[in-house]
Amino acid sequence: MKIQEYINEFKGHFHGQHGAGLGLTESQSEVYVDLTVQSSMQYMQSLMMTGKIKELQTLMSGGAEALQNSEYYQALITQCAAAYYGLDWELDRKKNLAVHILGFVLGGLKAKFEEGGHSATPQGVMQFLGIDLGILGKMGGLFGKWF
């Protein structure tokens, strides 16, 4: 997936910007960025699979205050922290790490999006993600016949 390519391009910068200050080694920083991304993707997929598309949209576009007050954001942070099974920190410290990593990753993806000159439309986002619009249109037509 295209998102992983973008993250791989900038994830090495996490250690210098946040990881060292949080007490991680360089290799730990990279591992925990990967674990956070994987855990986040699993959580977001579970929201989609249970029909919580509106909640997912709010989570992705709600802004900092909306995120902090969201039960879904809190569940996402808790899921990420639980994925840090090799880290013997207390839960609040793990959650703080998850907040830092998610902020870093989202900031990096936003920068990549803007660098690419993509429009802030569904089509621009799909292009950014590397999703073929033609295939989606065909699939939409196929699913439309069933409903």
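Refer to the preceding data block for the structure.
Just so it is clear, the structure is predicted and the values come from calculations on it, not from any experiment.

Draft legend 1. Quick look at the overall build of the protein. A count of helices and strands for the protein gives nine helices and zero strands. Shown N-terminal to C-terminal, the secondary structure of the protein runs as helices and strands in the order α-α-α-α-α-α-α-α-α.

Draft legend 2. Inspection of the side chain of Lys 94 at higher detail. Mapped onto the elements of the fold, Lys 94 is located in helix 7 (residues 91–115). Of the side chains with opposite charge, Asp 88 comes closest to the buried, unpaired Lys 94, at an N-O distance of 7.7 Å. At 3.0 Å, the side chain of Lys 94 and the backbone oxygen of Leu 87 are in polar contact. Ignoring any residue separated from it by four or fewer positions in sequence, one finds Lys 94 in contact with Ala 81, Tyr 84, Leu 87 and Trp 89.

Draft legend 3. Looking closely at the pattern of salt bridges. Summed over the entire model, instances satisfying the criterion amount to five salt bridges. Between Asp 34 and Lys 11 there is a salt bridge, with the nearest N and O atoms lying 2.7 Å from each other. Placement of the pair is Asp 34 in helix 3 (residues 26–49) and Lys 11 in the loop between helix 1 (2–10) and helix 2 (14–19), with a sequence separation of 23 residues. On the basis of relative accessible area, Asp 34 is assigned to the partly exposed category, the value being 23%. A salt bridge links Lys 110 to Glu 114; the nearest nitrogen and oxygen atoms lie 3.9 Å apart.

Draft legend 4. Region of the structure containing helix 6 (residues 71–82). Here helix 6 spans 16 Å end to end across twelve residues, near enough to the 16 Å set by a 1.5 Å rise per residue. For helix 6, the full list of buried residues reads Tyr 72, Tyr 73, Leu 76, Ile 77, Cys 80 and Ala 81.

Draft legend 5. Molecular detail of the packing of helix 6 against helix 7. Closest axis-to-axis distance for the helix 6/helix 7 pair is 8 Å, and the angle between their directions is 110°. In this view, helix 6 runs roughly perpendicular relative to helix 7, as classed from their interaxial angle. Each of Tyr 73, Leu 76, Ile 77, Thr 78, Cys 80 and Ala 81 in helix 6 lies in contact with helix 7, whose residues at this interface are Leu 91, Lys 94, Lys 95, Ala 98, Val 99 and Leu 102. Grouping the constituent residues of the contact of helix 6 with helix 7 by class yields nine nonpolar, one polar and two charged.

Quick notes on the rules
- Residues numbered from 1 in each chain as written.
- Predicted model: local features only at pLDDT ≥ 70, side-chain atom pairs only at ≥ 80, totals over all residues.
- Heavy atoms only, no water.
- Helix = DSSP H or I, 4+ residues; strand = E, 2+ residues; numbered from the N terminus.
- Buried < 20%, exposed > 50% of the residue type's maximum accessible area, 1.4 Å probe, protein only.
- Lys, Arg positive; Asp, Glu negative; His and termini not counted.
- Salt bridge = Lys/Arg side-chain N within 4 Å of Asp/Glu carboxyl O.
- Polar contact = N/O pair within 3.5 Å; in protein donor to acceptor, adjacent residues only side chain to side chain.
- Contact = heavy atoms within 4.5 Å.
- Expected span 1.5 Å × (residues − 1).
- Axes fitted to C-alpha atoms, helices over the stretch in contact; angles between N-to-C directions.
- Parallel < 35°, antiparallel > 145°, perpendicular 65-115°, else oblique.
- Nonpolar A, V, L, I, M, F, W, Y, C, P; charged D, E, K, R; others polar.

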